[in-house]
Structures are given as C-alpha cells and as structure tokens.
Amino acid sequence: MDFPSFDVLVIGGGAAGLRAAIAAAETERSLRIGIVSKVYPMRSHTVSAEGGAAAALRPEDSWEKHAFDTIKGSDYIADQYVVETFVREAPLELVRLEHWGCPWSRDPDGKISARPFGGMSVWRTCFAADKTGFHLLHTLFQTSLKYEKIARLDECFVTSLLVEDGRCVGVSAMNQRTGAIHPIGAKSVILTTGGNGRIYAFTTNGNICTGDGMALAYRAGVPLKDMEMVQFHPTGLPATGILITEAVRGEGGYLINNKGERFLKDYVPSKMELGPRDIISRAEVTEFEKGNGFKGEHGDYMHLDVRHLGEETIDLKLPFMRELGLDYVGIDIVRDPIPVRPVEHYMMGGVDVDIYGASELSGLYAAGECANVGLNGANRLGSNSLTECLVFGAAAGRAAAHHSSQAKAPTANPIAALVEDETRRIEKTYMADNGGKGERLADVREELQRSMDLNVGVFRTAEGLAEQEATVHELRQRYKKVQLDDHSKVFNTELTAALELDFMLELAEVMTHCAAARKESRGAHARRDFPDRDDEKFLANTIATRGAPGQPPKIEYRPVRITDWQPAVRSY
Ligand SMILES: Cc1cc2nc3c(=O)[nH]c(=O)nc-3n(C[C@H](O)[C@H](O)[C@H](O)COP(=O)(O)OP(=O)(O)OC[C@H]3O[C@@H](n4cnc5c(N)ncnc54)[C@H](O)[C@@H]3O)c2cc1C
C-alpha cells in the first residue's frame, strides 16, 4: 500500500504547530515536513487569542522578574529550569515575529507596546490591539508558505498514532473530504493539537478544542501530566462563554459586585483586577455565594466596567471588545458595564514532555497547549501561552528534525496493517445501523459537559469528584451504544464529533481521577475539603498513565525541579 511519508509530521496548524514546522525546516533543509490539521490552519483556536504575548522586552523588566512571576503564578509546581529557559527565549521569539511581519501595537517612540496582565509585576504583555492571536497566526502561516519542503494536509483528522517496536512511526488520518482513512508515515511526529475546553459546557474554547492529541498520546501509553489543573477565566460572557480579554482589566477596567463595590479589595488587595485568574475566579464564586452577584438568565454575574477609560482608549486598545459587546450582549461598553462570570479557559495539563518537547515514546514530541513541558504548573499566567507555543514549538521542531535526520524510515507493511485495523474499528463502531435504537451523541456530550462544570469546576470536593468518576464511567458505557444518523463519507461532521467525544470522555476520566487524588488546594485546583496547600505531600507533578482496560488511570507524583526560587506563601 502506498502512503505519504514525511521526516517530520506536525499534527496541528495553530501557533505551536506552525512554529514547530518552520523550526524543523530551518534546522535541516533537506527534511520533508508535513502539517496535518483537522481545520484550515487559520481556523485554529490560536486565532481567537485576544490579549497578547508575554516577554521581558522593556528596560524596567528582566528575565528574573518574568521567571519569578511565572513560578509564583504556578503555585510553585512549574519546572524552574523550564521557566528560566522560557523567559530567556521569549524576547527573541517576539522580535523574530516582528521581523516576520507581525503588526505589534507600538508606543509613540516606535517600540513594541506592552500592557499589564494578571499576576505579572511589570508591563510585559505585547499585543496587536485585542486581536493578537489573529495577527500572530497569520504571521506564522505566511512565513510557513516560504518553505517548499512544508506540505499541508488540511481538513484531515488524525484518529490514532501508529506505534511499531516502541517508536512512533506515523498516524492514521481521515481525509474529511472523502472519508477515507490513510496511513501517514513519519520518522517523528509532533503533537500540537491544542486544548480540551470543550469537555466543559461553559468555555471560551472553540468547538475544535477537544483534546485529541492528549488522548492520542495517552492511548499510545504516554503519560499525561497535571490533568487536574484547569484554568477558569474570571471574565466570560454569561450566555456564550465568549472571552472578554484580561486586557480589559490590564487597560484599567473594574470588577464590581451588586453592591457597587470593587470586591477584589477583600481577596487580592495589592493587585485588585490584576490578580491572577484562579484567585479572581474564586473571588467571584465566593461573592455569588454571599448573594453579591447580579442575577441573570444564565446564573449570577459581575460587572466589568470600562466606562471611565473613555471612547478613544476603548477604540484604540479594545476595539474587538466593543464589537463583542454590541454583537453578543447588545450593549456598548463605552456606555454600559459588561456582564461576566468565570468560564473554563485553558488546560495547564497535557502530554508529559521534556524541555525539547520529547515524550517517553521515541519519535513522539508535543508542544503548545496539548503538551505539559512544565511551564504553567497549577496556574498559567495570562499571555504566557502564545509565547509558550513559540518557544517550545520551535524547540520541539528542532529536536524532531535532529531525531529524524538520524532515524530509519518506517516500513510500509506494519503501517498498512495498523491502518486497516483502524478503518475496521471505525466502520464497526460508527457506521453500523441499529435501527435508531442507540444513544444520541449530543445527549452523552451534554451530560459530560454539564457534569464537568458542576463537579470539576472552580471549587471541588471529594463527593463531587466521586460522583463525577461514576458519571464518566456510566457515560463511557453509554457511548459504546452511540448511534450516528449520518453514514455518508464526505465531510461527515457527526463522525468527527463522535471521535472527538471519545477523546473527551477518556480525558475527563483522567482529569477527575487526578483531581480526586490531589488532596490539597494549589493554584487552579481548589478543594473545599482540603483548603490549604500541602508542600510535604504535593510539591509535585501528577503523572497519569493509562490503566488496563476497564481500570482507572495509574497516578504517581514526580517531585518538582526547583533551582533558585524556594516555595513561599502565594499571596498578592
Ligand atoms: C478565546 C481565547 C483567547 C486566548 N487569549 C490568549 C492570549 O491573549 N494570550 C495567550 O498567551 N493565550 C491566550 N489563549 C490561549 C492560547 O491562545 C492557546 O493556548 C494557544 O493558542 C494554543 O495554540 P496551539 O497551537 O497549542 O493549539 P491551537 O491553536 O488550538 O491549534 C490546534 C491545532 O490542532 C489541530 N488538531 C486538533 N486535533 C486534531 C486532529 N485530531 N487531527 C488533526 N488536527 C488536529 C487543529 O486543526 C488546529 O490546527 C487564549 C485562548 C482562548 C480560547
């Protein structure tokens, strides 16, 4: 059987994927590089990033300050060696983007502007108005087009990793235009498949953020790290979950409760609206519980008020927020406060990789939101993520290129056989008609999302997590009987949604077990039954490995790497 084969195969066309592909192409010009993406690259979730990308570029800043803010933000379970490397590389990456044509917003003297962001001690979030992700992704995409050795397979859905003799030798992928499943061989594979926010009902994440790469790696036996660490952003629009960027608070917006108070004075007095996301999200929920929220059709909410900034500043710095207010809430933020509440936003956990993006499985790398290189620990600071995609996307691209220049090409026969198995599995599971008697896909998905919101949200308890373990177990049984209506081949979006739900159920199980096992509160993981941080037992990363069929994940703890910054009380 004929199959396309690449030296380096990147799964994902977001910031991390495109940066990895460019780095691989620049490392070794003779390599053939493929980018597979389930959507056209410019539709990746990176495009919706609004606020900015962090790097210590200004004279009053330093890499030490950026490192300390990140480590404190992580509640001391970031890998300090990784953080140090990140903050030193970050300015180089942002300047490189500038040279590739990224239209950063500028100060009057022509230098790249910065704005303050939560948990950062200095103004270091560089931005392109409030559409940073769009401009950053566009810059990477147009740069990737320069390299003839980079081939793209757009609208191609990866269903599994191919593993032969203990190494990753490619993927099986469904061409969504034809429905055919093909093998794609590779000497190395880089997963850059983004986050998994769609496991929750109320999220800022796009529909495609279903955690596919994390589940693919986990199923291939690769551990996942810190999967209990889910970031809730304090300012999502109540009905839709659409994000109101932290830049709104960075530019001076106030959070106000129903008593007209800037309530954060009781929670993060020294930082107020520029406190970190985990603490502000908890403050909002606590205020709601005290009856201090505004009541709305979609639950309680707070007001985010920017009226005092004036129309000129809003139009210059936050034009997209004004558009969102008009289009999705019917308000003009120049004249009206914005209703907001906490919303699932970002996955700190991901595929366990080292500083080069290498996983335990030979030939398999990961970068961006689907990976956990050790930068974010228990709470990511806003605007570190886009920069993380650049710094560690590039690192993974270079490492994979070196690996591929020495690795053997995969052989055709085992690959073809692996893909025939995969085709049979998908046909049997999803294409059989059982007379419409099976489970509805949407019912299982909605129940998963609703129960994750309820039990694995901003605050957690042993009872809620035990209930969620049972719910996910039951949903996985129900999923086995799922019945699709669409049996066609061409762009069968019901089939891709079914494959995505399968990934999400697997990950929800891991997240719930990891959250139940960490009996302390740290960063975004807030247990009502264990309100304190417990450094004696949990100054460590959670490592989850897939158990035997029907068994829960195996959970272990790996001590954190500490270099210069000793754990201290995290107060702001
Ligand atoms: C609304 C919003 C605003 C944000 N704002 C900021 C911000 O201002 N600053 C900041 O630092 N961070 C921000 N973040 C976080 C940041 O944008 C993301 O973490 C980051 O962009 C993720 O990039 P990525 O390359 O890892 O993945 P993505 O951009 O999500 O790309 C994933 C890619 O993988 C592909 N893919 C996935 N599954 C498959 C599969 N099975 N087969 C084939 N291809 C697949 C997709 O097609 C896509 O191309 C924001 C996030 C959101 C949701």
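Residues take numbers from 1 onward in each chain, read along the sequence in its written order. Side-chain atom pairs in this predicted model are given and counted only at pLDDT of 80 or more, local residue features only at pLDDT of at least 70, and totals for whole chains, interfaces and linings cover all residues. The basis for every side-chain value is the complete set of heavy atoms in the structure, and neither hydrogens nor water enter the calculation.

**Here we look at the overall build of the chain**
Thinking step 1. Helix and strand assignments follow DSSP, with helices taken as H or I runs no shorter than four residues and strands as E runs no shorter than two, numbered in order from the N terminus. For the chain, the count of helices and strands is 15 helices and 21 strands.
Thinking step 2. The globule rule used for comparison is 2.2 Å times the number of residues to the exponent 0.38, while the radius of gyration itself is calculated over C-alpha atoms. Its C-alpha atoms give the chain a radius of gyration of 23 Å, within 12% of the compact-globule value 25 Å for 572 residues.
Thinking step 3. For the chain, the spread of C-alpha atoms along the three principal axes comes to 65 × 55 × 50 Å.
Thinking step 4. Burial here depends on accessible area, computed with a 1.4 Å probe over protein chains only, as a share of the maximum for the residue type. Under 20% is buried, over 50% is exposed, and the range in between is partly exposed. Evaluated residue by residue, the chain yields a buried proportion of 62% over its 572 residues.
Thinking step 5. For every accessible area listed, the method is Shrake-Rupley and the probe measures 1.4 Å; residues are considered covered only by the protein chains on display. Total accessible area on the chain is roughly 21200 Å²; 51% of this is exposed by carbon and sulfur atoms.
Thinking step 6. Side-chain charges of the chain comprise 66 positive and 80 negative groups, with the mean position of each set lying 1 Å from the other. In summary, the charge assignment counts Lys and Arg as positive and Asp and Glu as negative, without counting His or the chain termini. By convention, the point assigned to a charge is CZ for Arg, NZ for Lys, CD for Glu and CG for Asp.

**Concerning the sheet that holds strand β21 (residues 554-559)**
Thinking step 1. Pairing between strands requires that DSSP locate at least two bridges from one strand to the other. With respect to topology, five strands assemble into an open sheet ordered β17-β15-β9-β20-β21, the strand pairing being mixed. For this open sheet the edge positions go to β17 (371-372) and β21, each flanked by a neighbour on one side alone.
Thinking step 2. Summarising the sheet, strand β9 (residues 224-225) and strand β15 (residues 350-352) pair through two bridges and their orientation is antiparallel. For K225, the partnering residue across the bridge sits in β15 and is G350.
Thinking step 3. By definition, residues are in contact when any of their heavy atoms lie within 4.5 Å. In this description, a line fitted to the C-alpha atoms serves as the axis of each element, helices being fitted only across the stretch in contact, and the angle between N-to-C directions of two axes falls anywhere from 0 to 180 degrees. Packed on one face of the sheet, helix α5 (residues 212-219) meets β9, β15 and β20 (540-545) and runs near 35° to β15.
Thinking step 4. Along the sheet, helix α14 (residues 493-517) makes contact with β9, β20 and β21, crossing β21 at roughly 60°.

**Considering the site of the ligand**
Thinking step 1. Around the ligand sit 38 residues, and of these S37, S44, H45, T46 and E369 come closest.
Thinking step 2. Two N or O atoms count as a polar contact when they lie within 3.5 Å, although within protein this holds only if one can serve as hydrogen donor and the other as acceptor, and sequence-adjacent residues are included solely when both atoms are side-chain atoms. Residue V39 places a main-chain N or O atom 3.3 Å away from an oxygen atom belonging to the ligand.
Thinking step 3. Contacts to the ligand include T46, whose side-chain N or O atom sits 2.5 Å from an oxygen atom.
Thinking step 4. Contact with the protein chains removes 98% of the 1000 Å² of surface that the ligand exposes when unbound. Nearness of a residue to a molecule or strand requires only that one of the residue's heavy atoms be within 4 Å of it.

**Re α5**
Thinking step 1. Among the eight residues that make up α5, seven are buried, leaving the element largely enclosed by the rest of the structure.
Thinking step 2. For α5, every residue scored as buried is listed here: D212, G213, M214, A215, L216, A217 and Y218.
Thinking step 3. At the C-terminal side of α5, G221 shows a positive phi close to 95°.

**Considering the layout of surface pockets**
Thinking step 1. If you add up the space inside the second largest pocket, you get close to 770 Å³.
Thinking step 2. Taken together, 28 residues make up the lining of the second largest pocket; nearest its centre are R219, R476, D502, E506 and R546.
Thinking step 3. Contributing elements (two or more residues each) for the lining of the second largest pocket: β6 (156-164), α5, α11 (412-430), α13 (462-479) and α14.
Thinking step 4. Take the lining of the second largest pocket: its biggest share by element is five residues, from β6. Of the grid points, spaced at 1 Å and generated over the protein atoms alone, those admitting a 1.4 Å probe that cannot get out make up cavities, while open sets with protein on both sides within 12 Å along at least five of seven lines make up pockets; any residue with an atom within 4 Å of a point is treated as lining. Grid points are joined across faces, edges and corners, and a volume is the space filled by probe spheres set on the points.

**Comments concerning the domain arrangement of the chain**
Thinking step 1. For every domain, the bounds stem from an assignment made automatically or drawn from a database. Annotation of the chain at the domain level lists domain 1 (237-344) and domain 2 (416-559).
Thinking step 2. A straight line from the C-alpha centre of domain 1 to that of domain 2 covers 31 Å.
Thinking step 3. Listed per partner, the contact involves seven residues of domain 1 and six residues of domain 2.
Thinking step 4. The term buried area refers to how much accessible surface (probe radius 1.4 Å) is lost by two components on association, counted for both of them together. Of the roughly 480 Å² buried between domain 1 and domain 2 on both sides combined, carbon and sulfur atoms contribute 65%.
Thinking step 5. Salt bridges are defined by distance alone: a side-chain nitrogen of Lys or Arg within 4 Å of a carboxyl oxygen of Asp or Glu. Run the count over domain 1 and domain 2 and you get one salt bridge.
Thinking step 6. With a closest N to O distance of 2.6 Å, E289 and R528 form a salt bridge.
Thinking step 7. The interface formed by domain 1 and domain 2 contains two residue pairs in polar contact (both at pLDDT 80 or more).
Thinking step 8. When residues in the side of domain 1 that touches domain 2 are grouped by element, the largest group, six residues, is from helix α7 (residues 277-289).
Thinking step 9. Throughout this entry, Asp, Glu, Lys and Arg are counted as charged residues, while Ala, Val, Leu, Ile, Met, Phe, Trp, Tyr, Cys and Pro are counted as nonpolar. The remaining residues, Gly among them, count as polar. Of the residues in the side of domain 1 that touches domain 2, the class split is two nonpolar, two polar and three charged.

**Here we look at the state of the cysteines**
Thinking step 1. When two cysteine sulfur atoms lie within 2.5 Å, the pair is treated as a disulfide. Summed over the entire model, instances satisfying the criterion amount to zero disulfides.
Thinking step 2. The cysteine C102 is free of any disulfide, with C126 supplying the nearest cysteine sulfur at 9.7 Å.
Thinking step 3. Distance from the sulfur of C168, which forms no disulfide, to the nearest cysteine sulfur (C370) is 13 Å.
Thinking step 4. Using a relative accessible area of 1% as the deciding quantity, one classes C168 as buried.

**A short note on empty space enclosed by the protein**
Thinking step 1. Considering all chains together, one arrives at two cavities of 30 Å³ or more under this definition.
Thinking step 2. By volume, the largest cavity is sized at about 50 Å³.
Thinking step 3. Every residue along the wall of the largest cavity is listed here: V230, Q231, F232, D278, S281, R282, V458 and A524.
Thinking step 4. Residues of the lining of the largest cavity, tallied by class, amount to four nonpolar, two polar and two charged.
Thinking step 5. Approximately 30 Å³ is the volume found for the second largest cavity.
Thinking step 6. M174, Q176, G179, K489, F491, N492, L495 and T496 together form the lining of the second largest cavity.
Thinking step 7. Residues of the lining of the second largest cavity, tallied by class, amount to three nonpolar, four polar and one charged.

**A word on the side chain of E344**
Thinking step 1. Along the polypeptide, E344 turns up in strand β14 (residues 338-347).
Thinking step 2. Buried charged residue E344 carries no salt bridge. Nearest counter-charge: R198, at 8.0 Å.
Thinking step 3. Once residues lying within four places of it in the same chain are set aside, the contact partners of E344 are G197, Y200, F202, T203, T204, N205, V230, Q231 and F232.

**A short note on the pattern of salt bridges**
When the charged atoms of two side chains with opposite charge come close together, those side chains can pair.
Thinking step 1. This structure, assessed with the given rule, holds 58 salt bridges.
Thinking step 2. R106 is the salt-bridge partner of E98, the closest N and O atoms lying 2.9 Å from each other.
Thinking step 3. Overall, R106 belongs to the partly exposed group, its relative accessible area being 41%.
Thinking step 4. In this structure, E287 engages K290 in a salt bridge whose closest nitrogen and oxygen atoms are separated by 3.5 Å.
Thinking step 5. A relative accessible area of 2% places E287 in the buried class.
Thinking step 6. It is possible to trace a salt-bridge network through shared partners that takes in D75, D226, E228, D278, R282, R518, E520, R522, R533, D535 and R570.

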